[in-house]
Amino acid sequence: MITRAETLARAAELRRYFENAGAQPVETPILQPARTLLDLYGEDIRARAYVTSDALRGEQMLRPDFTVPVVQMHMAHGAEPARYTYAGEVFRRQEHDPDRANEFVQVGYEVFDRADPAAADAEVFALMSDVTAPLNLRAATGDIGVLMAAVQGLRTTEPRKAALLRHIWRPRRFRALLDRYAGRVPVSQERQDLLAKTDVRIEAPLIGKRSASEIMARVERLRADARAPSLSSGEVDLLDALLNVRETIPFALEHLRDIAVDLSSIASAVERISRRTDALASRGVDIESLPFEANFGRTSMEYYDGFVFGFFNPARPDQPAIATGGRYDALTRRLGQGTEIPAVGGVLRPGLMLELEARP
């Protein structure tokens with residue numbers, strides 16, 4: 001049984017490792033304003049976080065991760081470029097798996113640098129790879145930005161694109177929307193009846209937060225969506241081909257470039273992967289055997305919008321990742337009040353590292 005003291009000692013070692021790599025150590029409050037996280041992720045975050053209230057400060061959440069408060073701190077006071085490291089507890093509710101920890105120690109390394117995003121991606125990945133190398137973990141990489149670019153290039157309405165982009169991190173919902181927009185599933189009878197009405201009246205008492213005008217606006221959006229032409233089967237097939245890319249990076253790049261011939265909107269994103277691959281190779285990463293999965297990272301925290309990676313125990317597929325990370329440029333834009341900076345980071349679970357080392 002790994003003790004808390006052992007975990008904290010390993011966390012301190014890891015933080016010193018990142019300090020030696022050039023990172024500035026930072027601390028963030030354990031209690032975070034709930035409003036910021038709710039604005040970012042919507043009410044879904046309540047299912048994953050511990051929420052409490054304060055008479056003066058309103059709703060608060062026990063820190064579900066470090067990245068959001070570190071970004072807020074940097075955007076308010078940080079110089080450029082900047083590298084940060086931290087260590088401390090995070091809290092995640094576990095409603096479906098009682099064996100998963102709801103409180104654990106996390107150590108991270110974050111880079112804010114606009115000079116060369118590909119090099120920053122490679123820097124973070126290489127550091128995480130080096131520090132976990134003795135554990136013989138399985139690496140996984142992906143890039144959320146390729147799927148985002150593919151969605152943005154679809155020949156469909158802007159509201160449909162927005163809905164698909166909003167649900168990229170919810171693969172089942174994304175697939176359901178894609179099939180509906182492509183006309184591959186029948187429209188429910190309830191929706192058909194609603195759209196067939198020429199005069200929708202709200203006769204029942206209003207219960208909840210939506211006003212009558214908001215409900216009517218929603219009906220009009222549904223009608224506009226019903227009038228929109230279906231996505232072409234060709235575009236949906238290209239998206240499926242993209243999501244099925246699962247190769248080592250050199251072969252994945254070749255496959256993605258083939259898809260980009262017919263799905264030109266992903267060309268720039270594919271070239272970013274190519275530049276990152278060169279940067280990884282210059283850092284000594286064996287790219288010939290490094291996996292790339294276009295679908296990887298779609299159930300992670302929703303702020304990732306580019307490169308994503310993880311390191312896993314191959315003997316325990318049920319176990320959470322030992323290390324994860326990715327790029328989150330859009331998050332700096334949302335929290336930067338008009339400014340933004342390319343940013344990428346990664347986190348480690350020292351407790352899981354110790355458990356793995358303790359096993360015979």
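Residues numbered from 1 in each chain as written. Predicted model: local features only at pLDDT ≥ 70, side-chain atom pairs only at ≥ 80, totals over all residues. Heavy atoms only, no water.

Focus on the overall build of the protein
Helices and strands together make up the secondary structure of the protein, namely 14 helices and twelve strands. Looking at the protein as a whole, 47% of its 360 residues are labelled buried. Put simply, of all contacts in the protein between residues at least 6 apart along the chain, 71% involve residues at least 24 apart. Summing over all exposed atoms, the protein offers an accessible surface of approximately 18,700 Å²; the carbon and sulfur share of this is 50%. (Helix = DSSP H or I, 4+ residues; strand = E, 2+ residues; numbered from the N terminus. Buried < 20%, exposed > 50% of the residue type's maximum accessible area, 1.4 Å probe, protein only. Contact = heavy atoms within 4.5 Å. Areas by Shrake-Rupley, 256 points an atom, 1.4 Å probe, with all protein chains shown as cover.)

With respect to helix α3 (residues 67-77)
Residues of α3 that are buried: T67, V68, P69, V70, V71, H74 and M75. Elements that come into contact with the buried residues of α3 comprise β2 (31-33), α2 (34-41), β5 (82-91), β6 (103-112) and α13 (329-335).

Brief notes about the sheet that holds strand β7 (residues 138-143)
A sheet is described by the order of its strands in space; here seven strands give the open sequence β1-β5-β6-β12-β11-β10-β7, paired in mixed fashion. In this open sheet, the two strands that pair with only one neighbour each are β1 (24-25) and β7. In terms of strand pairing, β5 meets β6 through ten bridges, oriented antiparallel. Within the sheet, the bridge partner assigned to Y86 lies in β6 and is G108. Contacts from helix α5 (residues 144-152) reach β7 and β10 (307-312), with the element oriented near 25° to β7. (Pairing = 2+ DSSP bridges. Axes fitted to C-alpha atoms, helices over the stretch in contact; angles between N-to-C directions.)

Regarding the sheet that holds strand β3 (residues 51-54)
Strand order in this open sheet of three strands is β2-β4-β3, and the pairing throughout is antiparallel. The open sheet terminates on both sides in strands that have one partner only, identified here as β2 and β3. Looking at each pair of strands side by side, their axes are set apart by 45° on average, direction ignored.

With respect to the pairing of β7
Of all six residues in β7, five are buried, a share of seventy percent or more. As judged from the six bridges shared by β7 and β10, these two strands associate in the antiparallel manner. Paired with T141 across the bridge in β10 is F309.

Examining the pattern of salt bridges
Per the counting criterion, the structure on display carries 22 salt bridges. The closest approach of N and O atoms between R114 and E80, which form a salt bridge, is 2.9 Å. You can see R114 sitting in the loop between β6 and α4 (117-132) and its partner E80 sitting in the loop between α3 and β5, a full 34 residues away along the chain. R114 sits in the partly exposed class, given a relative accessible area of 44%. Between D121 and R276 there is a salt bridge whose closest N-O contact spans 3.0 Å. Of this pair, D121 sits in helix α4 while R276 sits in helix α12 (residues 267-282); the two residues are 155 residues apart in sequence, bridging distant segments of the chain. In the salt-bridge network here, residues are joined through shared partners; they are D121, D143, R276, R327 and D329. (Salt bridge = Lys/Arg side-chain N within 4 Å of Asp/Glu carboxyl O.)

Observations regarding the packing of helix α1 (residues 4-20) against helix α14 (residues 350-358)
At their nearest, the axes of α1 and α14 sit 8 Å apart, and the two run at 110° to each other. As far as their axial angle goes, α14 and α1 are roughly perpendicular. Taking contact as the criterion, the partners of E6, T7, R10, A11 and L14 in α1 are, on α14, P350, G351, M353, L354 and E357. Split into classes, the residues belonging to the contact of α1 with α14 amount to five nonpolar, two polar and three charged. (Parallel < 35°, antiparallel > 145°, perpendicular 65-115°, else oblique. Nonpolar A, V, L, I, M, F, W, Y, C, P; charged D, E, K, R; others polar.)

Purely spatial values, then, with no claim about function.
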